[in-house]
Amino acid sequence: MIRRAVLLTAVAVFATACGSGDTSTVIGRADSGKLTIGIRYDQPGLSERRLDGRYVGFDVDVAKYVANELGVEEGGITFKEARGAARESMLENGEADLIIASYSITDARKEKVAFAGPYFETGQGMLVRYTENSIQGPETMNGRKLCSVKGSTSAQKVKSDFAQQVQIIEYGQYSDCVIALMAGNVDAVTTDEVILAGFAAENPELLKLVGKTFSKERYGIGVPKGDAESRDAVNKAIEKMISSGEWKRALERNVGPSGYEIPQPPQITEKS
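Computed from a prediction, not measured in an experiment: that's the story for all the values here.

Details of the pattern of salt bridges
Applying the stated criterion to the full structure yields 16 salt bridges. Residues E74 and K64 are paired through a salt bridge, measuring 3.2 Å at the closest nitrogen-oxygen approach. With a gap of 10 residues between them, E74 in the loop between α3 (58-69) and β5 (77-81) and K64 in helix α3 connect regions that are remote in the sequence. According to the relative accessible area criterion, E74 is exposed, its value standing at 52%. For R109, the salt bridge goes to E88, with nearest N and O atoms at 3.6 Å. In this pair, R109 sits in helix α5 (residues 107-110) while E88 sits in helix α4 (residues 87-92), placing the two residues 21 residues apart along the sequence. E88 matches R109 in its accessibility class, with the two residues each being buried. Linked by salt bridges that have partners in common, D61, E246, R249 and R253 make up one network.

Points about the state of the cysteines
By definition, a disulfide links two cysteine residues through a covalent bond between their sulfur atoms. This model, assessed by the stated rule, comprises one disulfide. Bridging C147 to C177, the disulfide has an S-S length of 2.1 Å. What sets the handedness of the C147 and C177 disulfide is the S-S torsion sign, and at about -75° it is left-handed. Placement of the pair is C147 in strand β9 (residues 145-149) and C177 in helix α7 (residues 174-182), with a sequence separation of 30 residues. On the basis of relative accessible area, C147 is assigned to the buried category, the value being 0%.

Side note on the UniProt feature "domain: Ionotropic glutamate receptor C-terminal" (unreviewed entry) in the protein chain
On the UniProt side, "domain: Ionotropic glutamate receptor C-terminal" (unreviewed entry) is annotated at positions that read residues 34-249 here. The span residues 34-249 carries 32% helix and 31% strand; its end-to-end C-alpha distance comes to 26 Å.

Notes on the domain arrangement of the protein chain
Partitioning the protein chain into structural domains gives domain 1 (26-122 + 217-258) and domain 2 (124-215). The distance between the C-alpha centroids of domain 1 and domain 2 comes to 25 Å. Residue-level contacts link 20 residues of domain 1 with 18 residues of domain 2. Summed over both sides, the interface between domain 1 and domain 2 buries roughly 1500 Å², with carbon and sulfur atoms accounting for 52% of that surface. Among the residues of domain 1 in contact with domain 2, D42, P44 and E217 are the three that bury the most area, contributing 33% of the side total. Our count for the domain 1 to domain 2 interface comes out at zero salt bridges. Here domain 1 is connected to domain 2 by four residue pairs in polar contact (both at pLDDT 80 or more). Only β2 (42-43), β6 (98-104), β7 (113-122) and β13 (217-224) provide two or more residues apiece to the side of domain 1 that touches domain 2. Of the residues that constitute the side of domain 1 that touches domain 2, the class distribution is six nonpolar, six polar and eight charged.

A look at the sheet that holds strand β1 (residues 35-39)
Strand pairing in a sheet relies on backbone hydrogen bonds. The paired strands run either parallel or antiparallel. Taken in spatial order, the five strands of this open sheet run β5-β1-β6-β13-β7, and their pairing is mixed. Each edge of the open sheet is held by one strand with a lone partner, namely β5 and β7. Each adjacent strand pair in this sheet contributes to an overall mean axis angle of 25°, direction not counted. Note that β6 and β13 share three bridges and pair antiparallel.

Thoughts on the confidence of the model for the protein chain
For the protein chain, per-residue confidence averages 90 on the pLDDT scale, and residues scoring 70 or more make up 92% of the total. The low-confidence segment residues 1-20 (pLDDT under 50) makes one contact with residues lying over four places distant or belonging to another chain.

Focus on helix α10 (residues 246-254)
All of the buried residues along α10 are E246, W247, A250, L251 and N254. An end-on view of α10 places all buried positions within 140° of arc, on one side of the element. Along its buried surface, α10 packs onto α3, β7 and α9 (228-244).

What to know about the environment of G256
As for its placement among the helices and strands, G256 is situated in the segment after α10. Remark: the alpha-carbon pair of G256 and I39, spanning 217 residues in sequence, is separated by 20 Å. Not counting residues within four places of it along the chain, the set of residues in contact with G256 comprises L251 and I262.

Thresholds applied
Residues numbered from 1 in each chain as written. Predicted model: local features only at pLDDT ≥ 70, side-chain atom pairs only at ≥ 80, totals over all residues. Heavy atoms only, no water. Salt bridge = Lys/Arg side-chain N within 4 Å of Asp/Glu carboxyl O. Helix = DSSP H or I, 4+ residues; strand = E, 2+ residues; numbered from the N terminus. Buried < 20%, exposed > 50% of the residue type's maximum accessible area, 1.4 Å probe, protein only. Disulfide = S-S within 2.5 Å. UniProt positions renumbered as here; feature names shortened; annotations may be inferred. Domains from an automatic or database assignment. Contact = heavy atoms within 4.5 Å. Buried area = accessible area lost by both parts, 1.4 Å probe. Polar contact = N/O pair within 3.5 Å; in protein donor to acceptor, adjacent residues only side chain to side chain. Nonpolar A, V, L, I, M, F, W, Y, C, P; charged D, E, K, R; others polar. Pairing = 2+ DSSP bridges. Axes fitted to C-alpha atoms, helices over the stretch in contact; angles between N-to-C directions. pLDDT = per-residue confidence, 0-100. Arc of directions from axis to C-beta.

If you want it as C-alpha cells, here you go:
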C-alpha cells in the first residue's frame, strides 16, 4: 500500500513538472510559459526588428501585453517574422501560436484562421515621393506603377475600384517598396495609412502621404482556426489593454511621433 502511494505521488509530481495544459490550444501551450508570435519586421511604429535585435512598435507592445495576460512573460516570447503571404500558413502549420502583424480581418482569411479583436482600425492610404504632385489619390494611378507586398489586398483594391490601368509591383516587404519608391522604380506605395505614416516620419524630406483613406481596415490577432477558447482569452486581454489605458499609451509612444491622429479604440466583434 505504501509503495502504491509513493508511486502515485511520483506520477503526480512528474505530470506537474511536464505541464498539464492542453497543448492543442494556444492557452494550453501558454501554460509552459512560452509562446511563438508572428510579427512584421519592417513596419516603423507598428512592428520592427532593429539592427540591435530589439523588437519595437505598437503591435509588439500588443503582443507582449496579450502574452502576459495569458501567463507568458516577455522572456518567454519567441518572435518570428510573419510576411504577408505566410501568415495563414504559419498558424495552420503550427509555426506560430498567434499572429499580430497588421493582420486585416477579411472573410477570405477567416476561412483559414480565427481572429480575435479587432484591436486597431485604420484605412488604406498612399505614399509618394515628396516632390510628387500629380498623384493625389488612388484614382490618379492609371498608367503608374503601384507597389505593395505579396499577400496584401491593398494594390488589388486600387486596381479594381479606382484605376484599372495601374501596374502593380509586388515585393516581399514594405521596406522594399519604400526603397523602390525613393529610387524612382515605382510611383507610389499603398497599404494601411498607419504603416505608411511610419515610413513618412522616418523620411520627411523624401516621402509624404497623399489623399484621404479609402478603405476600412480592422486589425485582428490571428488564432488557429477552431481554438475558440484561446480566442476568447485573447479578446479579454485586448479589452483589458484598452480599458487600462495601456492601449492608448502604446499608440502614443509608437505612432504618435509621426503625427498620425490616434483613433478611438475599436469594439470587439470577432467572438465565438
